[in-house]
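# Notes for the structure review
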Amino acid sequence: MRKFFQKLDWILLLSVVALVSFGTLMIYSASIGDFDKTNYVARQSIYFLIGLGLVLLIAQIGYKTLLHFAVWFYFLIIALLLITFVIGFESHGSVRWIDFGFFTLQASELAKPVLILFFSYFFTLRPANKKRNLIVSFILALIPAVLVFLQPDFGSAFVILMIWLVMVYLSGLKWQYLVSMIVAGAILIPVGFSVLKAYQKQRLLTFINPNLDPLGAGYNIVQSIIAVGSGQFLGRGFGRGTQSHLNFLPEQKTDFIFATTAEELGFLGIGAILALFSLIIYRFVKIASSAKGKAASLICYGAVSVIAIELFINAGMNMGLVPVTGITLPFISFGGSSLISIMILVGLVISIDLDNKS
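I will try to describe carefully the structure that is included in this document. (Residues numbered from 1 in each chain as written. Predicted model: local features only at pLDDT ≥ 70, side-chain atom pairs only at ≥ 80, totals over all residues. Heavy atoms only, no water.)

### Describing the pairing of strand β2 (residues 94-99)
Which entries qualify depends on this criterion: Strand pairing requires that DSSP identify at least two bridges connecting the strands. In this text, helices come from DSSP runs of H or I with a minimum length of four residues, and strands from runs of E with a minimum of two, each type numbered from the N-terminal end.
Of the strand pairs in this sheet, strand β1 (residues 89-91) and β2 are connected by three bridges, and their pairing is antiparallel. Residue E90 lies in a different strand from β2, and its bridge partner there is V95. When β2 meets strand β3 (residues 104-106), the two strands line up antiparallel, connected through three bridges. Counted as the bridge partner of D99 is T104 from β3. Here β2 folds back onto β3, and the loop between the two strands holds four residues, one of which, G101, carries a positive phi near 95°.

### Some words on the sheet that holds β1
How we decide: Structural elements are reduced to axes, namely lines fitted to C-alpha atoms, with helices fitted over the stretch in contact, and the angle between N-to-C directions of any two is expressed from 0 to 180 degrees.
Here three strands make up an open sheet; going across it, the order is β1-β2-β3 and the pairing antiparallel. Bordering the open sheet on either side are β1 and β3, each of which pairs with just one other strand. Neighbouring strand axes in the sheet, compared pairwise and without regard to direction, differ in orientation by 50° on average.

### Quick notes on the pattern of salt bridges
Keep this limit in mind: For this document, the term salt bridge refers to a Lys or Arg side-chain nitrogen within 4 Å of an Asp or Glu carboxyl oxygen. When a residue's accessible area, from a 1.4 Å probe over protein chains only, is under 20% of the maximum for its type it is buried; when over 50% it is exposed; and in between it is partly exposed.
Tallied over the entire structure, the rule returns seven salt bridges. With a shortest N-O distance of 3.5 Å, D355 and K64 are connected by a salt bridge. Of the two residues, D355 sits in helix α16 (residues 336-357) while K64 sits in helix α4 (residues 63-67), which places them 291 residues apart along the sequence. Measuring nitrogen to oxygen at the nearest pair gives 3.1 Å for the salt bridge that ties D353 to K357. Within this pair, D353 and its partner K357 are both found in helix α16, separated by four residues, close to a single helical turn. With a relative accessible area of 40%, K357 lands in the partly exposed category. What emerges from the salt-bridge pattern is a single network uniting E109, K112 and E310.

Such coordinate-based values are descriptive only and should not be taken to indicate function.
Printed below as a string of structure tokens:
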């Protein structure tokens, strides 16, 4: 056990702890004036402790052992996504959560580490540069993506497809195929727009012009941009954000916690968060470069893609650069499923690092 802790990448682990601690502080700040504020902080702390326990457990078990169960994990996540439609409860117009009494589960979040593990296993056995493998893998990615889209959760469905695309490319897909898929995707955009829910179409239209409906669909974007801009370099001070504490800014603890942080801690606070994210991504890439096998490398780069994509989408929607999708900020936003999901990825990468050092 002593050797296990000596081999741990403490720079990576402490960076993760720092980010989660930062997020918990901002959750507390966003909850000031809320009677239930201590509950949010306590729950996030419990989620983190569970996530940290999973990191250590996965590191001990090893990613090689988990790869043997990758197919079973895939079918389990499909089952959970289907069950969500039957016993899931509705919140903000979406049915994404299953209530187990003592905790709620968002299967779409757990699908991300499961699919990274599954496709790492799949592409190790079946090269992506063969058409048959490419088509089969796309269908296997499309099934959970469609189920998540129907909840409806456009943001997570998009992330799932991006996970597949990144892993297909890293598995040796010829660039001609990649270009063809991008062109085909662009052609299908009008079709995709036509099947969106009315509120999702409105989000896209107000993204192009938030002032089209500043008190309706464009309200969130307008208030978020105001919050980010008002923070300037040093911010208004911890717990002193007017947009969040006067409830102009919605979902301050989840989707728009980036804007809450920018308003209170300014560019300096956002810079600190981005520095920690950069350090985590750097450690992931470094571990991937030393990985002993294709599957290990794919897991690391898959984890990098999830963190980078979700960071870009969340920060982008908070600044009005991308449409509002409901994607949370990794490690920072309040939420058990999203935090545990990302901690599972950390555990997988750490297990690969330990294997590299053995």
